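Residue-level listing of the chains:
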Amino acid sequence: MSAEISKGIKEIKFALLSPDEIRKMSAVKVITPDTYDDDGYPIEKGLMDLAMGTIEPGLKCKTCGGKVDTCPGHFGHIELALPVIHIGFTKEIYSILNATCANCGRIRLTEDAIKDFKERINAIKSKLVDVEYDDIVSEAESEASDVSICPYCHFENKKITLEKPTTFREEGRKLTPKEIRERFEKIPDDDLILLGLEPGVARPEWMILTVFPVPPVNVRPTITLETGERSEDDLTHKLVDIIRINQRLRENRDQGSPQLIIEDLWELLQYHATTYFDNQTPGVPPAKHRSGRSLKTLVQRLKGKEGRFRSNLSGKRVNFSARTVISPEPFLSVNQVGVPIKAARELTVTETVTEHNIDRIKEMIRNSINVDESSEYKPAVNYIIKEDNKRMKVTEKNANELADKLQLGWKVERQLQDGDIVLFNRQPSLHRMSMMAHEVKVLPYRTFRFNVAVCTPYNADFDGDEMNLHVLQSQEARAEAEILMKVQENFLSPRFGGPIMGAIHDHITAMFLLTFRNRKIAKELGIHILSYVNVDKLPPIHKDEKGKEYFLGREIFSLILPEGVNITFKGKINDKIIDPDGTEGLVVIRDSKLISGAIDENAVGTMKGVLLDYIIRKYGNARAAKFLDDVTRLAAGVISYIGFSTGIDDEDVPLQAKAQLREVGLEAIRRVEKLIENYKEGLIGPEPGKTLEDTLESLIMKELSKAREKSSEIASNYLGIENSTVKMAKSGARANMTNLAQMAGIIGQQSIRGKRQHRGYTGRTLSHFKKGDLGAYARGFVTSSYKEGLKPTEYFFHAVGGREGLVDTAVRTSRSGYMQRRLINALEDLKVSEDRSVVDTEDSIIQLVYGEDGVDPSRSFGGKSVDVDFVLREKFGDKYGGEKQ
Amino acid sequence: MGKYNILKHELVPAHELLSKEEEEELLKNLGIKREQLPKIRKSDPVIKILEEKYGPIEPGRIIKIIRNNSRTSGIYIVYRMVVGE
Ligand SMILES: [Mg+2]
Ligand SMILES: [Zn+2]
Ligand SMILES: [Zn+2]
């Protein structure tokens, strides 16, 4: 039995246009370089002849009778006085000239050799491998060009050279295009296959133009400026040049002018023909406008980023979208996006008038009158579309009249209002969370604003980033976006089955400040903080010895928890000095009361937030969104009223510590010197699989990284939790203790590709060192700290190490982008069908069960389909002694 | 050097030829047409080995492949239809 397998495009053929074909498809022979007469009417047989179509609304095409919108345009042609070379085929012309006989036109190969090559071509004919055919052709051509005596007529062929761009010389004598054409005409059809041409659709002489096609008018439209002045397309300009020179050349030739004059004009015609195709041909001065701007001719229209392919065919532009700078706004929900009034008044949603909304819409139409942007934003209507699809712009003048006339079934384009569903996107769109649905909140000023919890999925920051917004236009699209794309529906990442959004930076710091060691907060202050959050009850009020009333941080935090939270998990704090009895590092929540532990990155942070994950799973996305909103607001309140700041003096360490740090550095250098001494005396034996030098290197590296660890330890010992930088590091808000140690203590070894620095001058990295110096300093060990500043050589090594990071990211992004694009193209039309099998558009099975286990990772528990511990803990509470989270 | 049975290599999953009855049942269970299955070429080295065991395998037959290295589900079974060449 035979299997049905779906097919795609089997073959694409490229052919050459023959002069006859050019004439056949031509609607008019263009003979004059003029375009329009004094009345602005296209001149007959001119470049704008009506037979080539029309671009003016009133006129009809002479060829098909169609008007602007129906006539597809028709080609014309120019008969060239003398042939010119087509710049796109110089390489082919060159190799054919050298492979064929100038006298008889045969390919300069013996019958046997020809038979051999043809057999090889036939053998691969059935396969779709053009590369192999190309290889055979170039082999045949190079073999033929090595032969100078023609095997058929015994003519002695001379070597022909190509002088870029279009001059061919035979032992110094210039070959005219006419001569080349005559030689090519002699090549028999049977030999063409060996020259890479298919007989019937391509003849080599067609690479030399005798007839020039003139593209339709609508390919090169005339632009009428506001002043009424006409401006011709660059292609038309070029065609004018070609016709002018062609005319002069013909006249001179017919009059029998001196050969020199004819050659000059011929050369000029070649120049115009060349630049008509490609105005950036190497070796040819680009044709320029009077203004000095170079002309955009055929190749320039297609090539590059602004070319037809990348800009017009691969790139898509859309309406109903806006782009501006982004900034943070903690008072917005994660599901919202702040849209500037200016943008909201431009962006519209189309609504059909029904009996249910007619009153509301009439009022909106009247909102166009006396718009006052300093008072509350009221959406107005930009356009009214009548039943016959006629559009009317709503202005202040006609608003009342239009509102009165409004009828059921009409449509209005109303301005954006609070609660509209829009798509919000930041490029590069690397995963599906790069484009999520938000609810609009119209706000003053000029930036898009959103809750910083969604910075992570968009990979956005506020150093000037811009984002795009798209307004959805149909009810179906809005419904789909709300169900599938809303921010809260994307909390759990399909990559690892955990929350990809959560508190970051200051929000973590604030939560930590609030809950670490159960901070006491004066009642006055606490009420201010609580005013940031929508809570309807106060936390318990305590009194100190002096009778001053205060709240407890953990009790404030507990207010924003949903009811019934019972969870125990390890926090980020894991430090015997800060937390000797371990109570800060173990978060215990019972009946939604935070009993112990500090809320930090492990509780509410992105990707790690255990508490956040718990709330999403137990209470659903909507409640989790509320929790995140509350965390954001509470954090803003806490950090505003408690205050938090860091400065360079956070890295100050006592003199004693400084001395210790210096000693660590010196000690490391001494040890390295000792190692080098041992190596020189031959006391070090090679480790398995390593050379002696590598062994020494790895021993030195070990010693130096030990030094940095030591310095890190010393820094930690002297910098306590009262230090702001330490607070950030320990809570997971930003940075880590290593960064701190580098600022306060020792920066450490600067490496390239995991090795100590070793390149530069012969035998040394910099001229500051002796040749062959293997010591710590000479190979990129930095003993200074960022705070003290680096020594000149250290600074250089640091720059070298830093550069590697930059180069790596640059290389990695382009490469991973390419890989991702290939993957997307391969997988884009696969879908999961109802029975969970993965199929393509032809219903062919790709996987019998999605992901081989049928689990949607974004609905999973870190990749597992069921979290048994979670279920049991929920059921039996503390009685279940299983694995703690 | 004797011929090496590639099916015995640890990186090659187990391949079996389904009987005609098994084929019918499989297609009925999956509710698909034979042609919707992924393909395996008759010229695939594994088919050559299987032919030594089962005799000639004509295009259209179904091969069962039992993989035990799935990162998500451990054992994962796929079926492929033999195609010509
Ligand atoms: Mg940025
Ligand atoms: Zn027409
Ligand atoms: Zn010859």
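**A word on the overall build of chain A**
No. 1: Regarding its fold elements, chain A presents 26 helices and 30 strands.
No. 2: Radius of gyration (C-alpha) of chain A: 39 Å, far over the 29 Å computed for a compact globule of 885 residues.
No. 3: When its C-alpha atoms are laid out on the principal axes, chain A stretches across 120 × 100 × 70 Å.
No. 4: The buried share of chain A, taken over its 885 residues, is 46%.
No. 5: In chain A, once contacts between residues fewer than 6 apart in sequence are set aside, the share between residues at least 24 apart is 65%.
No. 6: Carbon and sulfur atoms make up 51% of the accessible area of chain A, which totals about 47800 Å².
No. 7: When the 127 positive and 132 negative side-chain charges of chain A are each reduced to one mean point, those points stand 3 Å apart.

**What to know about the overall build of chain B**
No. 1: On a plain count of helices and strands, chain B comes out with two helices and four strands.
No. 2: Counting from the amino terminus, helix and strand elements in chain B follow one another as β-α-β-α-β-β.
No. 3: In terms of overall dimensions, chain B has a C-alpha envelope of 45 × 35 × 20 Å along the principal axes.
No. 4: Counting only contacts in chain B whose residues sit at least 6 apart along the sequence, the fraction spanning at least 24 positions is 59%.
No. 5: Within chain B, the 13 negative side-chain charges are centred at a point lying 4 Å from the centre of the 16 positive side-chain charges.

**Thoughts on the pattern of salt bridges**
Opposite charge on two side chains makes pairing possible when the charged atoms of those side chains draw close.
Residues and elements named next belong to chain A.
No. 1: All chains considered together, the criterion is met by 53 salt bridges over all chains.
No. 2: The partner of R230 in a salt bridge is E56, and the shortest N-O contact between them spans 4.0 Å. Placement of the pair is R230 in strand β7 (residues 230–231) and E56 in the loop between α1 (19–25) and β1 (76–85), with a sequence separation of 174 residues.
No. 3: Between D254 and R253 there is a salt bridge, with the nearest N and O atoms lying 3.2 Å from each other.

**Things to note about the interface of chain B and chain A**
No. 1: With 17 residues of chain B in contact, the opposing surface of chain A contributes 14 residues.
No. 2: For the pair chain B and chain A, the summed buried area comes to about 1300 Å², and 60% of that belongs to carbon and sulfur atoms.
No. 3: Connecting chain B to chain A are zero salt bridges.
No. 4: At the junction of chain B and chain A, the tally comes to six residue pairs in polar contact (both at pLDDT 80 or more).
No. 5: When residues of the side of chain B that touches chain A are assigned to their parent elements, the largest contribution, five residues, is made by strand β4 (residues 74–83) of chain B.
No. 6: Residue classes in the side of chain B that touches chain A are distributed as nine nonpolar, five polar and three charged.

**Quick look at helix α5 (residues 177–185) of chain A**
No. 1: Listed as buried for α5 of chain A are P177, I180, R181, R183 and F184 of chain A. Summarising the axial view, the buried residues of α5 of chain A lie within an arc of 160 degrees, below the 170-degree limit, and thus occupy one face.

**Here we look at the domain arrangement of chain A**
Much of the literature gives interface size as the accessible area that the parts lose upon coming together.
No. 1: According to the domain assignment, chain A contains domain 1 (87–202), domain 2 (321–490), domain 3 (506–642) and domain 4 (650–798).
No. 2: Placing the centre of domain 1 of chain A and that of domain 4 of chain A at their C-alpha centroids yields a distance of 66 Å.

**What about a negative patch on the surface?**
All names here are of chain A.
No. 1: A surface patch of negative charge is lined by E111, D112, D116, E119, E143 and D146.
No. 2: Element by element, the count of residues in the negative patch is highest for helix α3 (residues 111–125), at four residues.
No. 3: Mapping D112 onto the fold places it in helix α3.

**Looking at the coordination of the zinc ion (ligand 2)**
Residues and elements named next belong to chain A.
No. 1: Taken together, the protein ligands of the zinc ion (ligand 2) are C61 (SG), C64 (SG), C71 (SG) and H74 (NE2), with distances of 1.9 to 2.3 Å.
No. 2: With four donor atoms in place around the zinc ion (ligand 2) and angles of 109 to 111 degrees between them, the coordination shape is tetrahedral.
No. 3: Its relative accessible area of 40% is what places C64 among the partly exposed residues.

**Comments concerning the sheet that holds strand β21 (residues 567–570) of chain A**
All names here are of chain A.
No. 1: The three strands are arranged β21-β22-β23 in an open sheet whose pairing can be described as antiparallel. The outermost strands of the open sheet, each flanked by one partner alone, are β21 and β23 (593–596). Each neighbouring strand pair of the sheet contributes to a mean axis angle of 20 degrees, computed without reference to strand direction.
No. 2: Looking at chain direction, β21 and strand β22 (residues 586–590) are connected through four bridges and run antiparallel. Among the inter-strand pairings, K570 is bridged to a residue of β22, identified as L586.
No. 3: The strands that helix α20 (residues 610–642) touches are β21 and β22; relative to β21, the one it contacts most, it runs at about 150 degrees.

**Focus: the coordination of the magnesium ion (ligand 1)**
Residue and element names in this part refer to chain A.
No. 1: Here the magnesium ion (ligand 1) is held by the protein donor atoms D461 (OD), D463 (OD) and D465 (OD), which lie 2.1 to 2.2 Å from it.
No. 2: Every donor residue of the magnesium ion (ligand 1) comes from the same chain, spaced as D-x1-D-x1-D.
No. 3: For D461, a relative accessible area of 36% gives the class partly exposed.

**Some remarks on empty space enclosed by the protein**
Residue and element names in this part refer to chain A.
No. 1: According to the stated counting rule, one finds five cavities of 30 Å³ or more in the structure shown.
No. 2: If you add up the space inside the largest cavity, you get close to 110 Å³.
No. 3: For the lining of the largest cavity, the secondary structure elements donating two or more residues are β4 (173–175) and α8 (259–277).
No. 4: Here the element with the most residues in the lining of the largest cavity is α8; it accounts for four residues.
No. 5: The residue inventory of the lining of the largest cavity, partitioned by class, reads four nonpolar, four polar and three charged.

**A look at the packing of aromatic side chains**
Residues and elements named next belong to chain A.
No. 1: Evaluation of the coordinates by the stated rule reveals 16 aromatic pairs over all chains.
No. 2: Measuring from ring centre to ring centre gives 5.7 Å for F424 and Y458, while their planes differ by 80 degrees; the resulting arrangement is edge-to-face. Of this pair, F424 sits in strand β14 (residues 421–425) while Y458 sits in helix α14 (residues 455–458), and the two are 34 residues apart along the sequence.
No. 3: Ring geometry for F769 against F797: centres 6.3 Å apart, planes inclined by 20 degrees, an arrangement best described as stacked.

**A word on the nonpolar core**
Residues and elements named next belong to chain A.
No. 1: If you look at the biggest cluster of nonpolar residues, it comprises 79 residues, and the most contacted ones within it are F557, L611, F627 and L634.
No. 2: Sorting elements by how many residues they give to this core places α20 first, with 15 residues.
No. 3: Inspection of this core shows a minimum of three residues originating in each of domain 2 (321–490) and domain 3 (506–642).
No. 4: Filtering out sequence-adjacent residues up to four positions away, L634 remains in contact with M511, L514, I529, V533, I556, F557 and I560.
No. 5: Within the second largest apolar cluster, 34 residues are counted, among which are F516, L675, L704 and V726.

**Section: the pairing of strand β3 (residues 167–170) of chain A**
All names here are of chain A.
No. 1: In terms of strand pairing, strand β2 (residues 160–163) meets β3 through four bridges, oriented antiparallel. Within the sheet, the bridge partner assigned to T161 lies in β3 and is R169.
No. 2: Hairpin connection from β2 to β3: three residues lie between these consecutive antiparallel strands.
No. 3: Pairing between β3 and β4: three bridges, direction antiparallel. When the bridges of β4 are listed, F168 appears paired with L175.
No. 4: The loop that links β3 with its antiparallel partner β4 comprises two residues; one of these, E171, has a positive phi angle of about 50 degrees.

**Here we look at a nonpolar patch on the surface**
Residues and elements named next belong to chain A.
No. 1: On the surface, I9, I12 and F14 cluster together to form a nonpolar patch covering roughly 450 Å² of accessible area.
No. 2: Locating F14 in the fold gives a position in the segment before α1.
No. 3: Exposure remark for F14: the relative accessible area of 75% places this residue in the exposed category.

**Some words on the packing of helix α2 (residues 90–99) of chain A against α5 of chain A**
Residue and element names in this part refer to chain A.
No. 1: It is at 11 Å that the axes of α2 and α5 come closest, and there the two elements cross at 60 degrees. It follows from the interaxial angle that α2 and α5 lie oblique. Note that α2 runs across α5; the crossing there is left-handed. For the pair α2 and α5, the contacting residues are I93, I96 and L97 in the first and I180, R183 and F184 in the second.
No. 2: Among the residues forming the contact of α2 with α5, the class breakdown is five nonpolar, no polar and one charged.

**Brief notes about the pairing of strand β3 (residues 62–70) of chain B**
Residues and elements named next belong to chain B.
No. 1: In the sheet, strand β1 (residues 14–17) pairs with β3 via four bridges, with the strands oriented antiparallel. Bridge pairing links H15 to I65 in β3.
No. 2: Inspection of the sheet shows β3 paired to β4 by seven bridges, in the antiparallel sense. Residue pairing across strands places K64 opposite Y79, the latter belonging to β4.
No. 3: Hairpin connection from β3 to β4: three residues lie between these consecutive antiparallel strands.

The rules behind these values
Position numbers for residues start from 1 in each chain and track the written sequence from start to end. Numbering of ligands from 1 and lettering of chains from A proceed in the order in which they are written. For this predicted model, a pLDDT threshold of at least 70 governs which residues receive local features, and a threshold of 80 or more governs which side-chain atom pairs are given and counted, while totals over whole chains, interfaces and linings are taken from all residues. Side-chain numbers come from the whole structure's heavy atoms, not from hydrogens or water. Each helix corresponds to a stretch of at least 4 residues labelled H or I by DSSP, and each strand to a stretch of at least 2 residues labelled E; elements are numbered beginning at the N terminus. To get the radius of gyration, use the C-alpha atoms; to get the globule rule, take the number of residues to the power 0.38 and multiply by 2.2 Å. Burial classes: relative accessible area under 20% of the type maximum marks a residue as buried, over 50% as exposed, and values in between as partly exposed (1.4 Å probe, protein chains only). Here, residues are in contact when the closest pair of their heavy atoms is within 4.5 Å. Residue-level accessible areas treat just the shown protein chains as cover; the underlying method is Shrake-Rupley with a 1.4 Å probe. The positive count covers Lys and Arg only, the negative count covers Asp and Glu only, and His and the chain ends enter neither. Lys charges are placed at NZ, Arg charges at CZ, Asp charges at CG and Glu charges at CD. When a carboxyl oxygen of Asp or Glu lies within 4 Å of a side-chain nitrogen of Lys or Arg, that pair is called a salt bridge. Accessible-area loss on putting two parts together, using a 1.4 Å probe and summing over both, is the definition of buried area adopted here. Polar contacts, as used here, are pairs of N or O atoms within 3.5 Å; protein pairs need one atom able to donate a hydrogen and one able to accept it. Residues neighboring in sequence count only if both atoms are side-chain atoms. Lys, Arg, Asp and Glu make up the charged group, whereas Ala, Val, Leu, Ile, Met, Phe, Trp, Tyr, Cys and Pro make up the nonpolar group; the residues left over, Gly among them, are polar. To obtain the arc, one takes the directions from the helix axis to the C-beta atoms. Residue ranges for the domains trace back to a domain assignment, done automatically or taken from a database. Each patch is built from residues that are more than 30% exposed by relative accessible area and take part in no salt bridge. Like charges join if they lie within 9 Å; nonpolar side chains (Val, Leu, Ile, Met, Phe, Trp, Tyr) join within 5 Å. Only N, O and S atoms count as donors, using a 2.8 Å limit from the metal and a wider 3.2 Å limit for Na, K and Ca, and since water is excluded some coordination spheres may look unfilled. Think of it this way: with four donors and all angles in the 85 to 135 degree range, the site is tetrahedral; with four or six donors, opposite ones beyond 155 degrees and the rest between 65 and 115, it is square planar or octahedral; otherwise it is irregular. DSSP bridges decide pairing: two strands pair if at least two such bridges lie between them. Every axis corresponds to a line fitted to the C-alpha atoms, with the helix fit spanning only the stretch in contact, and the corresponding angles, defined between N-to-C directions, vary from 0 to 180 degrees. The rule is simple: put a 1 Å grid over the protein atoms alone, call a set of points where a 1.4 Å probe fits but cannot get out a cavity, call an open set with protein on both sides within 12 Å along at least five of seven lines a pocket, and count a residue as lining if it has an atom within 4 Å of a point. Grid points are joined across faces, edges and corners, and a volume is the space filled by probe spheres set on the points. Aromatic contacts are taken between Phe, Tyr and Trp rings whose centres are within 6.5 Å, Trp giving its six-membered ring; a plane angle under 30 degrees counts as stacked, one over 60 as edge-to-face, and the others as tilted. Residues belong to a common nonpolar core when they are buried Ala, Val, Leu, Ile, Met, Phe, Trp, Tyr or Cys residues joined through side-chain atoms within 4.5 Å. In this scheme, roughly parallel covers angles under 35 degrees and roughly antiparallel covers those over 145, while 65 to 115 is roughly perpendicular and the rest are oblique. Each crossing is labelled by how the near helix is turned from the far one, with a counterclockwise turn of less than a right angle marking it left-handed and a clockwise turn marking it right-handed.

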